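# Coordinates in review
What follows is each chain in one-letter form.
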Amino acid sequence: MFFLSILVGVAFFLIVVLVAIHIGMRSRTPDEPPESPTIHASGIYSIVRRSPRDSIAQFKPSQDELSQYLAGKNEDIQGKPLTGDDKKALVSRWEQSLEENIREVEAGDHQGVEFYYYDFDEDDPVCRGRIDQGHFVTREEIFKFPRTIPPFHIGCRCRLKAHHGSEDLRETTRLGMRPLFRDESLPPLPTWSDILKLS
Ligand SMILES: [Zn+2]
């Protein structure tokens, strides 16, 4: 009888161990989304290189928000009248611009780009004085503040461009190149609802 109870005890113990192993194996099954090739490095670097695409929606208005907002507006900040077609063009320009800028960062991440600078094809009186041509941000600043990715407002002419040179832009003496950030905090950016009609 004593021998039998030891046998039952051992059998019970084995079952418990087997169940524990099974649960342990299941919980190790990878359940994470597939990583892009640039995220495989470890440490801060891997975090910084995550595509801004995942978080940008929290920081920028959606297409619906823009359309609804524009529906109640008849002119831009300079008093230029806005037609229905102008408003549609502004919404699609926003989407296109955001996509282009995100792609610039994604492409830069594959090449290890550390600095990005702002560029303007046309005059942009809304951005002027806050974001100017030659202002630059580091990849880490973009990671910390995805708001630094243009467009900054409706009809924004600003573009983010990867700096492919090997020089550290923080130490550059190149004319017009200067950091957007004076310290750790995000500098004032244009308000998204300021409308600049497309030319
Ligand atoms: Zn702008």
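Residues numbered from 1 in each chain as written. Predicted model: local features only at pLDDT ≥ 70, side-chain atom pairs only at ≥ 80, totals over all residues.

## So, the overall build of the protein
Selection criterion: Secondary structure elements are taken from DSSP: a helix is a run of H or I of four residues or more, a strand is a run of E of two residues or more, and numbering for both begins at the N terminus. Burial is judged by counting other C-beta atoms within 10 Å of a residue's own C-beta: 20 or more means buried, 12 or fewer means exposed, and anything between counts as partly exposed, with every C-beta placed from the backbone. Each residue is represented by a C-beta atom placed from its backbone, and any two residues with such atoms within 7 Å are regarded as in contact.
Broken down by element type, the protein carries five helices and four strands. Seen in sequence order, the protein has helices and strands lined up from the N terminus as α-α-α-α-β-β-α-β-β. Residue burial in the protein is summarised as follows: out of 199 residues, 21% are buried. In the protein, 77% of the contacts between residues at least 6 apart in sequence involve partners at least 24 apart.

## Remarks on the pairing of strand β1 (residues 115–120)
On a regular strand, each side chain points to the face opposite its neighbour's, so the side chains alternate between the two faces of the sheet. Spelled out, the test is: For two strands to count as paired, DSSP must find a minimum of two bridges between them.
Across three bridges, β1 lies against strand β2 (residues 135–138) in antiparallel orientation. In the sheet register, Tyr117 faces β2, and the bridge partner there is Phe136. As judged from the six bridges shared by β1 and strand β3 (residues 158–163), these two strands associate in the antiparallel manner. Counted as the bridge partner of Asp119 is Arg159 from β3.

## Comments concerning the nonpolar core
Selection rule: Put simply, a nonpolar core is buried Ala, Val, Leu, Ile, Met, Phe, Trp, Tyr and Cys residues tied into one set by C-beta atoms within 7 Å.
Grouped together as the largest cluster of nonpolar side chains are 26 residues, with contacts concentrated most on Tyr116 and Ile154. Mapped by element, the contributors of at least two residues to this core are α3 (63–71), α4 (84–110), β1, β2 and β3. Once residues within four sequence positions are removed from consideration, Ile154 is found in contact with Leu66, Leu90, Trp94, Trp192, Ser193, Asp194, Ile195 and Leu196.

## What about unusual backbone geometry?
Following Pro150, the chain continues into Pro151 via a peptide bond in cis, with omega recorded as 5°. Structurally, the position occupied by Pro151 is in the loop between α5 (139–144) and β3.

## So, the sheet that holds strand β4 (residues 178–179)
Applied cut-off: Inter-axis angles, ranging from 0 to 180 degrees, are taken between N-to-C directions of lines fitted to C-alpha atoms, where helices are fitted over the stretch in contact.
With mixed pairing, four strands are arranged side by side in an open sheet as β3-β1-β2-β4. Edge positions in the sheet fall to β3 and β4, since each has one partner strand and no second. Taken strand by strand, α4 contacts β1 and β3, and its axis lies near 5° from that of β3.

## A short note on the confidence of the model for the protein
Spelled out, the test is: Confidence scores per residue from the predictor, reported as pLDDT, run from 0 to 100.
Overall, the prediction assigns the protein a mean pLDDT of 85, with 77% of residues at 70 or greater. Predicted confidence is poor over residues 25–40, with pLDDT under 50, and the contacts of this stretch with residues over four places away or in other chains come to eight contacts.

## Concerning the packing of α3 against α4
The relative placement of two packed helices comes down to the angle between their axes together with the axis-to-axis distance. Applicable threshold: Just so you know how the angles are binned, under 35 degrees is roughly parallel, over 145 roughly antiparallel, 65 to 115 roughly perpendicular, and the rest oblique. Handedness of a crossing is defined here by the sense of rotation of the near helix relative to the far one, left-handed for an anticlockwise turn of less than a right angle and right-handed for a clockwise turn. Each residue receives one of three labels: charged for Asp, Glu, Lys and Arg, nonpolar for Ala, Val, Leu, Ile, Met, Phe, Trp, Tyr, Cys and Pro, and polar for the others, Gly being one of them.
Two numbers describe how α3 lies on α4: the axes approach to 10 Å, and their chain directions differ by 155°. Considering the angle they form, α3 stands roughly antiparallel to α4. In this structure, α3 crosses over α4, and the sense of that crossing is right-handed. On the side of α3, the interface is formed by Gln63, Leu66, Ser67 and Leu70, while α4 contributes Lys87, Leu90, Val91, Trp94 and Glu95. Residue composition of the contact of α3 with α4, grouped by class: five nonpolar, two polar and two charged.

## Some words on the environment of Pro151
Judged by the 27 C-beta atoms lying within 10 Å of it, Pro151 is buried. Each C-alpha atom, one on Pro151 and one on Pro190, is 9.6 Å from the other, the two residues being 39 residues apart in sequence. The contact partners of Pro151, leaving out residues within four places of it in the chain, are Trp94, Ser97, Leu98, Cys156 and Cys158.

## Digging into the environment of Pro146
Topologically, Pro146 is positioned in the loop between α5 and β3. Look at Pro146 and you get partly exposed, because 19 C-beta atoms sit within 10 Å. Spatially, the C-alpha atoms of Pro146 and Ser55 are 7.5 Å apart, while their sequence positions differ by 91 residues. Residues in contact with Pro146, not counting those within four places in the same chain, are Pro52, Ser55, Ile56 and Phe59.

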